[in-house]
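This is what each chain is made of:
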Amino acid sequence: MHQVRLAGLTVDTRHAIGGERVASTGTFESVSPIDGAVLAHIARGGAVEVDAAVQAARAAFPAWRDLGPRGRGELLHRLADLVEANLEPLATLETLDNGSLLRSHRRGVMPRVAMNIRFFADWAVDRLRHEVWQTRGHDNTISWDPSGVAALITPWNAPLMLATWKIGPALAAGDTVVLKPAEWTPLTASVFADLANEAGIPPGVVNVVQGFGAEAGAALVAHPGIARISFTGSVPTAKAIARAAAENLTPVSFELGGKSPLIVTDDADLELAVELAIEQYDNAGQVCLSGTRLLVHEAVAESFAARFAEKAAAIVQGDPRDEATQIGPQIHRIHLDRIAGFVERATAAGARVVVGGGPNEQLGGLYYRPTLLADARPGSEILTTEVFGPVLTMQTFAGDEEAVELANGTEYGLAAVVVCGDRERARALTKNLVAGTIWVNCFFVRDLAAPFGGSKKSGIGREGGTWSFDFYADVKNTVYAPTGWKD
Ligand code: NAD
């Protein structure tokens with residue numbers, strides 16, 4: 001009754017708390033965006049389950065901390081092995097639950113899940129050096145001490161990948177975790193908890209409480225027993241979490257939304273520019289980093305738009321399990337309606353539809369056509385608010401200064417893409433862009449050692465490499481004097 005078979009896996013619908021499965025009186029449905037099928041009835045947690053999970057994580061913390069980076073690393077590598085051994089069913093399950101492309105889950109996302117765990121386990125052993133420098137003969141000795149229980153809250157657009165981007169470094173740093181996955185996509189997190197058990201990770205080190213943001217999520221971030229909050233999601237939720245965190249002064253790491261620019265200069269390789277612009281539709285536009293605002297030099301705008309429209313018309317939309325599909329469905333009816341609302345309001349206010357402009361009526365369901373809008377009013381909603389769907393806008397600029405001004409003209413600062421033919425010009429452009437990550441003549445090249453996060457309202461803090469440990473650990477400086485020793 002508490003288990004369903006999906007994609008060749010047994011998915012337990014209960015919470016994973018202290019190495020046990022715990023039911024709730026209420027449940028919620030997990031629905032597939034592919035065809036609306038109800039996949040499972042998931043335990044709906046609240047304050048009681050959250051408190052049990054935090055207590056279990058606190059109880060497990062001292063032993064996990066004392067295992068040290070090598071001891072933890074061995075178990076974490078075993079966990080990554082199990083993810084790899086289950087790569088195909090995990091990929092299929094994630095596609096059923098969130099509608100993203102099966103081929104990307106197989107080839108990119110699930111291998112990255114395993115990598116998230118291995119990479120930080122190894123970093124803690126090999127790369128997290130205790131830096132030593134001297135002050136008037138005294139040694140400053142820096143260490144990264146495990147801090148306690150990390151509360152992890154994640155969105156639905158890349159569920160297990162984003163969860164392990166937090167779980168990997170948190171566990172490697174010696175913290176224990178309570179994960180609250182997004183309510184629209186809870187399934188792979190549940191399987192992951194079983195894999196952690198199977199890998200021999202002690203009970204209580206990895207806990208998963210399922211439920212809604214306002215219930216389980218709110219109870220978790222307000223809990224006085226947690227040491228860290230790492231959150232990926234939207235700006236309004238981040239504000240609610242920041243308020244709750246303020247009560248206990250719990251440190252937060254926020255990775256939030258974006259409205260990133262993609263700048264095309266007049267000396268850019270236009271083929272490359274179009275190709276990169278089309279990539280912004282990946283995952284049906286449900287990517288925080290997407291460069292959704294195309295800022296194109298006026299001298300090449302017409303030719304760019306024509307080539308873009310031709311390429312966009314050839315995009316294959318359909319079932320995310322088909323190898324040929326490039327764009328699958330949106331996550332949920334509520335989200336599809338939100339996207340449609342943005343486009344309707346923009347066109348009513350005078351924006352011109354260059355490509356798409358509405359739901360894909362042929363396919364029905366949750367499919368929205370890849371859309372490009374031009375001539376939107378400066379400062380209007382469609383140019384300033386994150387849509388999180390396959391909707392791009394195009395604006396033109398006359399000089400690079402104007403391009404930078406347009407690019408920086410939102411409250412966000414997550415990413416930027418620059419397509420440019422001249423290195424010096426690209427350097428000058430990127431110098432003045434406000435963004436956590438900038439890609440020049442490329443997109444989505446990610447190295448787990450590099451800092452990742454957003455500026456302005458796109459986030460607080462950076463994760464990746466040692467930056468992750470700076471967040472999950474208590475960074476400590478012990479100063480040794482040259483005097484006072486008996487030897
Ligand atoms: P969301 O903010 O609605 O929800 C994210 C998570 O927060 C969910 O698990 C939800 O249950 C939980 N939550 C909601 N209210 C809460 C509360 N009061 N207290 C605690 N938890 C609460 O975001 P979403 O719609 O799931 O995801 C889309 C957003 O995430 C977009 O804005 C996108 O840009 C952003 N995102 C950012 C990154 C990044 O790395 N910067 C990556 C992916 C997605």
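Residues numbered from 1 in each chain as written. Predicted model: local features only at pLDDT ≥ 70, side-chain atom pairs only at ≥ 80, totals over all residues. Heavy atoms only, no water.

1. Thoughts on the site of the ligand
Then step 1. Lining the immediate surroundings of the ligand are 28 residues, of which Lys 180, Glu 183, Ser 234, Thr 237 and Glu 386 lie closest.
Then step 2. Taking Glu 183, its side chain carries an N or O atom lying 2.6 Å from an oxygen atom of the ligand.
Then step 3. Calculation on the ligand without its partners gives an accessible area of 850 Å², and the protein chains cover 88% of this total.
Then step 4. Of all elements in the fold, only α6 (213-222), β12 (228-232) and α7 (235-248) reach the threshold of two or more residues within the shell around the ligand.
Then step 5. Broken down by class, the residue content of the shell around the ligand amounts to 15 nonpolar, nine polar and four charged.
Then step 6. Structurally, the shell around the ligand is a two-domain feature, drawing no fewer than three residues from each of domain 1 (3-256 + 458-477) and domain 2 (261-440). (Near = heavy atom within 4 Å. Polar contact = N/O pair within 3.5 Å; in protein donor to acceptor, adjacent residues only side chain to side chain. Areas by Shrake-Rupley, 256 points an atom, 1.4 Å probe, with all protein chains shown as cover. Helix = DSSP H or I, 4+ residues; strand = E, 2+ residues; numbered from the N terminus. Nonpolar A, V, L, I, M, F, W, Y, C, P; charged D, E, K, R; others polar. Domains from an automatic or database assignment.)

2. A word on the sheet that holds strand β24 (residues 473-480)
Whenever strands of a sheet pair, they do so through backbone hydrogen bonds, lying parallel or antiparallel.
Then step 1. Reading across the sheet, the three strands line up as β7-β8-β24 and stay open at both edges, with antiparallel pairing between neighbours. The outermost strands of the open sheet, each flanked by one partner alone, are β7 (132-135) and β24. Neighbouring strand axes in the sheet, compared pairwise and without regard to direction, differ in orientation by 30° on average.
Then step 2. As paired strands, strand β8 (residues 138-146) and β24 are joined by eight bridges and run antiparallel to one another. Paired with Asn 140 across the bridge in β24 is Val 479. (Pairing = 2+ DSSP bridges. Axes fitted to C-alpha atoms, helices over the stretch in contact; angles between N-to-C directions.)

3. Examining the domain arrangement of the chain
Then step 1. Under the domain assignment used here, the chain contains domain 1 (3-256 + 458-477) and domain 2 (261-440).
Then step 2. Just the C-alpha atoms count here: the centres of domain 1 and domain 2 sit 31 Å apart.
Then step 3. Domain 1 puts 21 residues into the contact, and the matching count from domain 2 is 25 residues.
Then step 4. Looking at the side of domain 1 facing domain 2, the largest losses of area belong to Trp 156, Trp 184 and Ser 458, adding up to 29% of the total buried there.
Then step 5. For the pair domain 1 and domain 2, the number of links is one salt bridge. (Contact = heavy atoms within 4.5 Å. Buried area = accessible area lost by both parts, 1.4 Å probe. Salt bridge = Lys/Arg side-chain N within 4 Å of Asp/Glu carboxyl O.)

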